[in-house]
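Residues per chain, in single letters:
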Amino acid sequence: MQMLRAVVDHGSVSAAATALGYTPSAVSQQVATLERETGTALLERIGRGVRPTAAGLLLAGHAAAIDRQVAEAGAALADLRAGRSGSLTVRYFATAGAALVAPAVAAFRREYPGVRLDLGVTDPADPLTEVRDGRADLAVVFRSEEAPVGLRLVHLRDDPYRAVLPRGHRFASRRVLDLAELAQEPWVGAEPPGPCREIVHGACDAAGFRPALAVDGADYLTAQGFVAAGLGVALLPELGLAQRHPGVTVRRVRGPEPVRALHAAVREGAWGQPVLGALVAALRATAGGPAR
């Protein structure tokens, strides 16, 4: 069809051949093939030249429209690859939203203002499902085991847990506590059953005890309030201490020190997308550490 269009535009087979870089014979053969496929004449001879039939004009017009659409598709693809358009769906757990995702998104939007971002909190029970199913492009998760098949985990930072004590507690003057020293303390829970609570219980098991919950604070800020009121001690991740209650003291722990590793999870097949890579880079820069 593009050769037919060239003949119509240039008024002859030879002129079309010169413009396209083909021989006149090759152009004639292509037009003849198209006539057989369509079952109708597309050109008619006038003297030493040719002119299009009504069918020829019709197909030449469609060929021009196809050329425009191909050019528009190429331009749209170039905009997408350069980050001038498109969209990314990003999921994250709650404490990562304010501390990591928000500043990373702000930096990303300064570089890629044309990319639309769909932001939302992931399902804490199964944070990788949306990425695996293709309903999200990236999820910020905490994970210690290897990436499932088909996914890539890019390490952002480690988020260590800290001991949170009431001000005036007998251990408040210490810089570092052995976790086992808190075995006899009443404890304030800060997380629902799930991976984060398992990290705390796993560390306490390694230290030789299981914490006795006096009250379940349900979230980090509420838990700090209960600790400040003297109802117990707690282990909270650093990201959960961005808002710190004035009535608590925060200290490092060891033996062991519980840590949750934060990662950006993406599909392996999407890893090479430049815009997605730019968002991962913004998250790494915000997290303040190299990926591993």
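Residues numbered from 1 in each chain as written. Predicted model: local features only at pLDDT ≥ 70, side-chain atom pairs only at ≥ 80, totals over all residues. Heavy atoms only, no water.

**Topic: the packing of aromatic side chains**
In total, this model carries three aromatic pairs according to the counting rule given. When the centroid spacing of 4.9 Å and the interplanar angle of 85° are considered together, the rings of Phe93 and Phe142 count as edge-to-face. Taken as a pair, Phe93 in the loop between strand E3 (87–92) and helix H5 (94–111) and Phe142 in strand E5 (residues 138–142) lie far apart in primary sequence, 49 residues in all. Like Phe142, Phe93 is buried. (Phe/Tyr/Trp six-rings, centres within 6.5 Å; stacked < 30°, edge-to-face > 60°. Helix = DSSP H or I, 4+ residues; strand = E, 2+ residues; numbered from the N terminus. Buried < 20%, exposed > 50% of the residue type's maximum accessible area, 1.4 Å probe, protein only.)

**What about the pattern of salt bridges?**
Close approach of charged atoms lets side chains of opposite charge pair. Tallying each qualifying case throughout the model produces 17 salt bridges. For the salt bridge of Glu238 with Arg162, the shortest nitrogen-to-oxygen distance reads 2.9 Å. Note that Glu238 is positioned in the loop between strand E10 (234–237) and strand E11 (248–254) and Arg162 in strand E6 (residues 151–166), a separation of 76 residues in sequence. For Arg174, the salt bridge is made with Glu181, and the minimal N-O distance between the two is 2.7 Å. You can call Arg174 partly exposed: its relative accessible area is 29%. A single salt-bridge network, built from bridges that share partners, covers Arg157, Asp159, Arg162, Glu238, Glu257 and Arg260. (Salt bridge = Lys/Arg side-chain N within 4 Å of Asp/Glu carboxyl O.)

**Quick look at the nonpolar core**
Of all hydrophobic cores here, the largest spans 59 residues; its most connected members are Phe108, Leu138, Val140, Leu179 and Trp187. When residues of this core are assigned to their parent elements, the largest contribution, eight residues, is made by helix H9 (residues 274–287). With residues up to four places along the chain from it excluded, the contact list for Leu138 reads Thr89, Val90, Arg91, Val131, Ala264, Ala265, Val266, Leu276, Leu279, Val280 and Leu283. Membership of the second largest hydrophobic core comes to 11 residues, among which are Met3, Val27, Leu34 and Leu42. (Core = buried A, V, L, I, M, F, W, Y, C linked by side-chain atoms within 4.5 Å. Contact = heavy atoms within 4.5 Å.)

**What to know about the packing of helix H2 (residues 13–20) against helix H3 (residues 24–38)**
Two numbers describe how H2 lies on H3: the axes approach to 8 Å, and their chain directions differ by 110°. The angle between H2 and H3 falls in the class roughly perpendicular. For the pair formed by H2 and H3, the contact residues are Val13, Ser14 and Ala17 on the first element and Pro24, Val27 and Ser28 on the second. Partitioned by chemical class, the residues of the contact of H2 with H3 number four nonpolar, two polar and no charged. (Axes fitted to C-alpha atoms, helices over the stretch in contact; angles between N-to-C directions. Parallel < 35°, antiparallel > 145°, perpendicular 65-115°, else oblique. Nonpolar A, V, L, I, M, F, W, Y, C, P; charged D, E, K, R; others polar.)

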